[in-house]
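# Structural characterization, general
Residues per chain, in single letters:
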Amino acid sequence: MSQIDKLRKQIDKIDFQILDLLKRRSKIAEKIGKEKKSSNLFRPERQANILRNILKKNGNNLNPLYILSFWRSIFLSQIDVQGGIKLLLSNNIANSYIKTIYDYFSHDIEIITMNNTSKALEKVYNGKNILTILPYPSYNKGAQWWTNNRLEKLYGIAALPFFLRKKKSPSLIIVSKYKPIIEKDSYFLYISKYLIKDKNTVLISKSGKHYLYRSNNMINSNDLKLFGILPKHYEG
């Protein structure tokens, strides 16, 4: 047997080990799904923590983008084991940001395109484990959807892309009806009817008499309504 054949035998053995580990992980994920009773299956803050821990352990051995792609496929496949999620997109988002979305969820995510943002938000509110993706809030005209009344009981739960270069802003935000869970390395979005001067908040968008703030802290104030808790990005 040549040296190359011996090395390939080692790779074959590792492949079977990976498969066995994925089977074990899937069984545990299925048990978790039963405990959740198929509610709030998509947990971006949990996924972000897993990725950060893996990337920290990886050091500089493997390209972080390869790690992201591999584990995103694992995340989605095991969410499917628990019951699955659906993703609603406007035609404009689907056409302009499909690569960013696939990079985040993997190519196996079920995508439904819609023409109307309000209808998409209504489906998210009335449905189960349905998400929508919208432009990340900014001063741009198309990114001021966050004043929509339907958002009264919806939340921003994650921003895309997960990998960001320093001083770059995310382009998209994921919206869900399930209140996000506070984890380490998260930041907060608040909506207010008032212009607030607070060193703990940064104004990121304004529309009419509505203001949207970002903060690294949980703030209890009658003047601020929590809109989102988002995992911080991995900067590289």
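Whatever comes next refers back to the structure up there.
The rules we used
Residues numbered from 1 in each chain as written. Predicted model: local features only at pLDDT ≥ 70, side-chain atom pairs only at ≥ 80, totals over all residues. Heavy atoms only, no water. Helix = DSSP H or I, 4+ residues; strand = E, 2+ residues; numbered from the N terminus. Contact = heavy atoms within 4.5 Å. Areas by Shrake-Rupley, 256 points an atom, 1.4 Å probe, with all protein chains shown as cover. Lys, Arg positive; Asp, Glu negative; His and termini not counted. Charge placed at Lys NZ, Arg CZ, Asp CG, Glu CD. Patch = residues over 30% accessible without salt bridge, like charges linked within 9 Å, V, L, I, M, F, W, Y side chains within 5 Å. Salt bridge = Lys/Arg side-chain N within 4 Å of Asp/Glu carboxyl O. Buried < 20%, exposed > 50% of the residue type's maximum accessible area, 1.4 Å probe, protein only. Phe/Tyr/Trp six-rings, centres within 6.5 Å; stacked < 30°, edge-to-face > 60°. 1 Å grid on protein atoms, 1.4 Å probe; cavity = no way out; pocket = protein on both sides within 12 Å on 5 of 7 lines; lining within 4 Å. Points joined across faces, edges and corners; volume = space filled by probe spheres on them.

Tallying secondary structure elements over the protein chain gives 5 helices and 11 strands in all. Projected onto its principal axes, the C-alpha positions of the protein chain cover 75 × 35 × 35 Å. In the protein chain, the proportion of contacts linking residues at least 24 apart, taken out of those at least 6 apart, comes to 71%. Accessible surface, the protein chain as shown: approximately 14,400 Å² in total, 50% of it carbon and sulfur. Computed over 41 positive and 18 negative side-chain charges, the separation of the two mean positions in the protein chain equals 5 Å.

On to a nonpolar patch on the surface, then. Residues Ile-14, Ile-18 and Phe-70 make up a contiguous nonpolar surface patch of about 250 Å² in total accessible area. Within the secondary structure, Ile-14 is located in helix H1 (residues 3-36). Judged by its relative accessible area of 45%, Ile-14 is partly exposed.

As a further point, take the pattern of salt bridges. All chains considered together, the criterion is met by 3 salt bridges. Bridged by salt links that share partners, the residues Arg-43, Glu-45 and Glu-183 form one connected network.

For the rest of this paragraph, the subject is the packing of aromatic side chains. Summed over the entire model, instances satisfying the criterion amount to 10 aromatic pairs. With centroids separated by 5.1 Å and ring planes inclined at 85°, the aromatic side chains of Phe-163 and Tyr-234 adopt a geometry described as edge-to-face. Placement of the pair is Phe-163 in strand E5 (residues 163-164) and Tyr-234 in strand E11 (residues 234-235), with a sequence separation of 71 residues. Using a relative accessible area of 17% as the deciding quantity, one classes Phe-163 as buried. For Tyr-234, a relative accessible area of 26% translates into the label partly exposed. Taken together, the aromatic side chains of Phe-42, Tyr-104 and Phe-105 make up a single cluster linked through ring pairs.

So, about a positive patch on the surface. Together, Lys-23, Lys-27, Lys-31 and Lys-34 make up a positively charged patch on the protein surface. Turning to its location among the elements, Lys-23 is positioned in helix H1.

What follows covers the layout of surface pockets. In this model, the largest pocket occupies a volume close to 560 Å³. In terms of lining residues, the largest pocket is bounded by 21 residues, among which Arg-25, Arg-46, Ile-50, Phe-75 and Gln-78 are the most central. Residue assignment for the lining of the largest pocket shows that the elements contributing at least two residues are H1, helix H2 (44-58) and helix H3 (64-82). Per-element accounting of the lining of the largest pocket gives the leading share, 8 residues, to H1.

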